[in-house]
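An overview of the molecular structure
Chain by chain, the residues run as shown.
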Amino acid sequence: MGKRKAGLDTTIAWATAIICAVVSGTALAGSCSAHSGATVTPVVELYTSQGCSSCPPADRWLSSLPSSGKTGEPVIQAFHVAYWDYIGWVDRFAAPAHTQRQRQLAAWNGLRNIYTPQVLLNAQDWRQWRQSGEPIPAPIDAASGRIAVRQREDGVFEASVTMLAGAPAVWAAYWTVTEDAHRTAVGAGENAGEQLRNDHVVRQYVPVGDYRTQLDQLQILVLHAVAATAAHARTINLVLFDPRNGHTLQALAVHC
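All values derive from a computational prediction rather than experimental measurement.

**Focus on empty space enclosed by the protein**
A complete count under the given rule lists one cavity of 30 Å³ or more for this structure. Here the largest cavity defines a volume of roughly 80 Å³. Lining of the largest cavity is provided by eleven residues; of these, Trp171, Arg212, Gln214, Gln217 and Gln219 occupy positions nearest its centre. Mapped by element, the contributors of at least two residues to the lining of the largest cavity are strand E7 (156–163), strand E11 (201–212) and strand E12 (218–224). Of the residues in the lining of the largest cavity, the class split is five nonpolar, four polar and two charged.

**A word on the state of the cysteines**
Counted according to the given criterion, the structure contains one disulfide. Sulfur-sulfur distance for the disulfide between Cys32 and Cys256 comes to 1.5 Å. Residue Cys32 is located in the loop between helix H1 (9–21) and strand E1 (33–35), and its partner Cys256 is located in the segment after strand E14 (248–255); the two are separated by 224 residues in the primary sequence.

Parameters at a glance
Just so you know, the residues in each chain are numbered from 1, in the order the chain's sequence is written. It should be noted that, the model being predicted, local features are given only for residues of pLDDT at least 70 and side-chain atom pairs only at 80 or more, the latter also being counted only at that level, while totals for whole chains, interfaces and linings use all residues. No hydrogens and no water enter the side-chain calculation; it runs on all heavy atoms of the structure. Method remark: on a 1 Å grid restricted to protein atoms, a set of points is classed as a cavity if a 1.4 Å probe fits but cannot get out and as a pocket if it is open with protein on both sides within 12 Å along at least five of seven lines; lining residues have an atom within 4 Å of a point. Grid points are joined across faces, edges and corners, and a volume is the space filled by probe spheres set on the points. Each helix is a run of DSSP H or I of at least 4 residues and each strand a run of E of at least 2, with the numbering of both proceeding from the N terminus. Charged means Asp, Glu, Lys or Arg here, nonpolar means Ala, Val, Leu, Ile, Met, Phe, Trp, Tyr, Cys or Pro, and polar covers whatever is left, Gly included. Disulfides are defined in this document as cysteine sulfur pairs within 2.5 Å.

This is how it looks when you write it as C-alpha coordinates:
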(Lines give C-alpha, C1' and ligand atoms only; values in the text may rest on other atoms or scores of the structure.)
Protein backbone atom coordinates (compact mmCIF):
# COMPACT_ATOMS: atom_id res chain seq x y z
CA MET A 1 0.00 0.00 0.00
CA GLY A 2 1.24 3.49 -0.77
CA LYS A 3 1.87 5.97 1.99
CA ARG A 4 1.77 9.73 1.87
CA LYS A 5 5.23 11.16 1.36
CA ALA A 6 6.51 13.75 3.80
CA GLY A 7 8.03 17.11 3.02
CA LEU A 8 5.75 18.00 0.10
CA ASP A 9 5.22 21.71 0.85
CA THR A 10 6.81 22.77 -2.43
CA THR A 11 4.79 20.26 -4.44
CA ILE A 12 1.58 21.25 -2.67
CA ALA A 13 2.22 24.88 -3.54
CA TRP A 14 2.86 23.89 -7.15
CA ALA A 15 -0.35 21.83 -7.33
CA THR A 16 -2.35 24.71 -5.85
CA ALA A 17 -0.91 27.07 -8.43
CA ILE A 18 -1.89 24.67 -11.19
CA ILE A 19 -5.48 24.48 -9.97
CA CYS A 20 -5.77 28.25 -9.71
CA ALA A 21 -4.02 29.07 -12.96
CA VAL A 22 -5.56 26.91 -15.68
CA VAL A 23 -8.88 25.92 -17.15
CA SER A 24 -9.91 22.47 -15.96
CA GLY A 25 -8.39 19.65 -18.01
CA THR A 26 -6.34 21.86 -20.34
CA ALA A 27 -2.59 22.16 -20.73
CA LEU A 28 -0.82 25.21 -19.42
CA ALA A 29 0.36 27.63 -22.05
CA GLY A 30 4.09 27.34 -22.64
CA SER A 31 4.58 24.21 -20.52
CA CYS A 32 3.61 20.57 -20.37
CA SER A 33 1.21 20.58 -17.43
CA ALA A 34 -2.49 19.95 -16.89
CA HIS A 35 -5.03 19.04 -14.26
CA SER A 36 -8.26 17.07 -14.22
CA GLY A 37 -11.78 18.44 -13.99
CA ALA A 38 -14.69 17.90 -11.62
CA THR A 39 -16.18 14.95 -13.52
CA VAL A 40 -14.66 11.57 -14.37
CA THR A 41 -12.73 11.72 -17.64
CA PRO A 42 -13.78 8.76 -19.83
CA VAL A 43 -11.10 6.16 -20.55
CA VAL A 44 -11.28 4.30 -23.86
CA GLU A 45 -9.16 1.18 -24.38
CA LEU A 46 -8.92 -0.67 -27.68
CA TYR A 47 -7.35 -4.12 -27.78
CA THR A 48 -6.14 -4.67 -31.31
CA SER A 49 -3.56 -6.41 -33.49
CA GLN A 50 -1.98 -5.72 -36.86
CA GLY A 51 -2.43 -9.43 -37.56
CA CYS A 52 -6.21 -9.34 -37.11
CA SER A 53 -8.29 -8.70 -40.26
CA SER A 54 -11.27 -7.36 -38.30
CA CYS A 55 -9.18 -4.82 -36.39
CA PRO A 56 -8.56 -2.03 -38.99
CA PRO A 57 -12.16 -0.68 -38.76
CA ALA A 58 -11.74 -0.38 -34.98
CA ASP A 59 -8.34 1.28 -35.45
CA ARG A 60 -9.93 3.84 -37.79
CA TRP A 61 -12.75 4.48 -35.33
CA LEU A 62 -10.23 5.09 -32.55
CA SER A 63 -8.30 7.50 -34.78
CA SER A 64 -11.49 9.51 -35.34
CA LEU A 65 -11.97 10.30 -31.64
CA PRO A 66 -11.17 13.89 -30.58
CA SER A 67 -7.92 14.20 -28.67
CA SER A 68 -7.08 17.90 -28.43
CA GLY A 69 -6.86 17.86 -24.64
CA LYS A 70 -10.09 19.78 -24.05
CA THR A 71 -12.08 19.17 -20.88
CA GLY A 72 -14.33 16.12 -21.15
CA GLU A 73 -12.47 14.46 -24.01
CA PRO A 74 -11.53 10.86 -23.25
CA VAL A 75 -8.18 9.31 -22.53
CA ILE A 76 -7.64 7.14 -25.63
CA GLN A 77 -5.38 4.09 -25.67
CA ALA A 78 -4.70 1.33 -28.21
CA PHE A 79 -3.20 -1.73 -26.53
CA HIS A 80 -1.71 -4.03 -29.17
CA VAL A 81 -1.64 -7.74 -28.32
CA ALA A 82 0.52 -10.54 -29.69
CA TYR A 83 -1.79 -13.54 -29.70
CA TRP A 84 -2.42 -13.16 -33.45
CA ASP A 85 1.30 -13.13 -34.28
CA TYR A 86 1.28 -16.89 -34.97
CA ILE A 87 -0.68 -16.30 -38.19
CA GLY A 88 2.46 -14.84 -39.76
CA TRP A 89 2.75 -11.14 -38.89
CA VAL A 90 4.44 -9.95 -35.70
CA ASP A 91 2.83 -6.78 -34.34
CA ARG A 92 5.73 -4.52 -33.36
CA PHE A 93 3.60 -2.66 -30.79
CA ALA A 94 2.42 -5.75 -28.89
CA ALA A 95 3.51 -6.54 -25.33
CA PRO A 96 2.68 -9.39 -22.94
CA ALA A 97 1.58 -6.84 -20.31
CA HIS A 98 -1.16 -5.66 -22.69
CA THR A 99 -2.61 -9.17 -22.90
CA GLN A 100 -2.34 -9.53 -19.14
CA ARG A 101 -4.34 -6.34 -18.67
CA GLN A 102 -6.97 -7.49 -21.17
CA ARG A 103 -7.37 -10.75 -19.24
CA GLN A 104 -7.84 -8.81 -16.01
CA LEU A 105 -10.48 -6.66 -17.69
CA ALA A 106 -12.24 -9.80 -18.95
CA ALA A 107 -12.33 -11.13 -15.39
CA TRP A 108 -13.81 -7.85 -14.12
CA ASN A 109 -16.45 -8.01 -16.87
CA GLY A 110 -17.30 -11.66 -16.31
CA LEU A 111 -16.12 -12.61 -19.82
CA ARG A 112 -14.85 -16.13 -20.47
CA ASN A 113 -12.59 -15.15 -23.36
CA ILE A 114 -10.59 -12.23 -24.71
CA TYR A 115 -10.89 -11.08 -28.30
CA THR A 116 -9.93 -8.41 -30.82
CA PRO A 117 -11.01 -5.86 -31.60
CA GLN A 118 -12.35 -5.13 -28.13
CA VAL A 119 -13.26 -1.66 -26.88
CA LEU A 120 -13.73 -0.90 -23.21
CA LEU A 121 -15.10 2.31 -21.73
CA ASN A 122 -14.07 2.93 -18.14
CA ALA A 123 -13.00 -0.73 -17.93
CA GLN A 124 -16.40 -2.04 -19.07
CA ASP A 125 -16.95 -3.91 -22.33
CA TRP A 126 -18.41 -1.33 -24.76
CA ARG A 127 -19.63 -2.67 -28.10
CA GLN A 128 -21.54 0.46 -29.08
CA TRP A 129 -18.47 1.66 -30.96
CA ARG A 130 -19.67 -0.48 -33.86
CA GLN A 131 -22.80 1.67 -34.22
CA SER A 132 -22.14 4.40 -36.74
CA GLY A 133 -22.11 7.81 -35.13
CA GLU A 134 -22.41 6.52 -31.56
CA PRO A 135 -20.55 9.09 -29.43
CA ILE A 136 -18.54 8.45 -26.30
CA PRO A 137 -20.90 9.39 -23.44
CA ALA A 138 -20.13 12.80 -21.97
CA PRO A 139 -18.71 12.73 -18.44
CA ILE A 140 -21.36 13.30 -15.79
CA ASP A 141 -20.16 11.43 -12.68
CA ALA A 142 -18.36 13.43 -10.03
CA ALA A 143 -14.73 12.40 -9.79
CA SER A 144 -13.49 10.84 -6.58
CA GLY A 145 -9.91 11.77 -7.41
CA ARG A 146 -8.02 14.84 -8.58
CA ILE A 147 -4.88 14.79 -10.74
CA ALA A 148 -2.33 17.46 -11.62
CA VAL A 149 0.57 16.50 -13.91
CA ARG A 150 3.68 18.43 -14.86
CA GLN A 151 6.83 17.61 -16.78
CA ARG A 152 9.49 17.85 -14.09
CA GLU A 153 12.43 17.44 -16.45
CA ASP A 154 13.17 15.89 -19.81
CA GLY A 155 11.41 12.52 -19.87
CA VAL A 156 10.23 12.73 -16.24
CA PHE A 157 6.61 13.46 -15.36
CA GLU A 158 5.19 14.02 -11.89
CA ALA A 159 1.57 13.65 -10.84
CA SER A 160 -0.04 15.01 -7.68
CA VAL A 161 -3.03 12.81 -6.80
CA THR A 162 -5.64 13.67 -4.20
CA MET A 163 -8.50 11.33 -3.37
CA LEU A 164 -11.87 12.88 -2.57
CA ALA A 165 -15.14 11.90 -0.93
CA GLY A 166 -16.64 8.80 -2.52
CA ALA A 167 -13.29 7.14 -3.23
CA PRO A 168 -12.93 3.44 -2.37
CA ALA A 169 -10.77 2.37 0.58
CA VAL A 170 -8.00 1.42 -1.84
CA TRP A 171 -7.22 2.91 -5.25
CA ALA A 172 -4.79 1.96 -7.98
CA ALA A 173 -3.23 3.71 -10.95
CA TYR A 174 -1.30 3.24 -14.16
CA TRP A 175 0.55 5.45 -16.63
CA THR A 176 0.65 5.05 -20.39
CA VAL A 177 2.57 6.86 -23.09
CA THR A 178 0.73 6.85 -26.43
CA GLU A 179 1.84 7.94 -29.89
CA ASP A 180 0.01 8.85 -33.10
CA ALA A 181 0.55 8.48 -36.84
CA HIS A 182 2.36 5.15 -36.99
CA ARG A 183 2.19 3.56 -40.43
CA THR A 184 2.98 -0.06 -41.19
CA ALA A 185 3.16 -1.96 -44.46
CA VAL A 186 1.94 -5.40 -43.43
CA GLY A 187 3.74 -8.15 -45.30
CA ALA A 188 2.06 -11.31 -44.03
CA GLY A 189 -0.90 -12.66 -42.09
CA GLU A 190 -4.55 -11.70 -42.45
CA ASN A 191 -3.74 -8.07 -43.34
CA ALA A 192 -1.00 -8.88 -45.86
CA GLY A 193 -0.61 -6.07 -48.40
CA GLU A 194 -2.41 -3.49 -46.23
CA GLN A 195 -0.99 -0.12 -45.24
CA LEU A 196 -2.15 0.36 -41.66
CA ARG A 197 -2.27 3.60 -39.70
CA ASN A 198 -2.28 3.29 -35.91
CA ASP A 199 -2.97 6.18 -33.54
CA HIS A 200 -3.06 6.36 -29.71
CA VAL A 201 -0.64 3.42 -29.71
CA VAL A 202 0.47 2.43 -26.21
CA ARG A 203 4.28 2.50 -26.30
CA GLN A 204 4.70 2.32 -22.53
CA TYR A 205 2.39 0.88 -19.88
CA VAL A 206 3.39 1.30 -16.24
CA PRO A 207 1.14 0.09 -13.38
CA VAL A 208 2.11 1.95 -10.21
CA GLY A 209 0.47 -0.18 -7.54
CA ASP A 210 -2.31 0.14 -4.98
CA TYR A 211 -2.67 2.92 -2.41
CA ARG A 212 -4.68 3.24 0.77
CA THR A 213 -7.11 6.14 0.47
CA GLN A 214 -6.40 9.12 2.69
CA LEU A 215 -8.90 11.82 1.80
CA ASP A 216 -7.45 15.17 0.79
CA GLN A 217 -3.89 13.87 1.27
CA LEU A 218 -1.40 14.33 -1.56
CA GLN A 219 0.24 11.31 -3.23
CA ILE A 220 3.08 11.83 -5.72
CA LEU A 221 3.48 9.48 -8.69
CA VAL A 222 6.45 9.70 -11.07
CA LEU A 223 6.86 8.41 -14.63
CA HIS A 224 10.17 8.01 -16.45
CA ALA A 225 8.83 8.03 -20.00
CA VAL A 226 10.27 6.44 -23.10
CA ALA A 227 11.97 8.92 -25.39
CA ALA A 228 9.71 11.06 -27.55
CA THR A 229 9.83 10.64 -31.33
CA ALA A 230 9.63 13.78 -33.45
CA ALA A 231 7.43 12.18 -36.11
CA HIS A 232 4.79 10.94 -33.66
CA ALA A 233 2.72 13.18 -31.39
CA ARG A 234 2.91 11.90 -27.83
CA THR A 235 0.41 11.86 -24.96
CA ILE A 236 1.11 11.12 -21.32
CA ASN A 237 -1.87 9.47 -19.59
CA LEU A 238 -2.58 8.69 -15.95
CA VAL A 239 -5.61 6.61 -14.94
CA LEU A 240 -6.85 6.15 -11.37
CA PHE A 241 -9.14 3.16 -10.85
CA ASP A 242 -10.84 0.94 -8.32
CA PRO A 243 -8.78 -2.28 -8.10
CA ARG A 244 -11.88 -4.29 -7.17
CA ASN A 245 -13.54 -3.79 -10.56
CA GLY A 246 -11.35 -1.53 -12.72
CA HIS A 247 -13.86 1.34 -12.74
CA THR A 248 -12.30 4.70 -13.52
CA LEU A 249 -12.02 7.11 -10.60
CA GLN A 250 -10.31 9.86 -12.61
CA ALA A 251 -7.97 10.14 -15.57
CA LEU A 252 -5.90 12.75 -17.35
CA ALA A 253 -4.23 13.04 -20.75
CA VAL A 254 -1.37 15.51 -21.21
CA HIS A 255 -0.22 16.23 -24.76
CA CYS A 256 3.56 16.63 -24.62
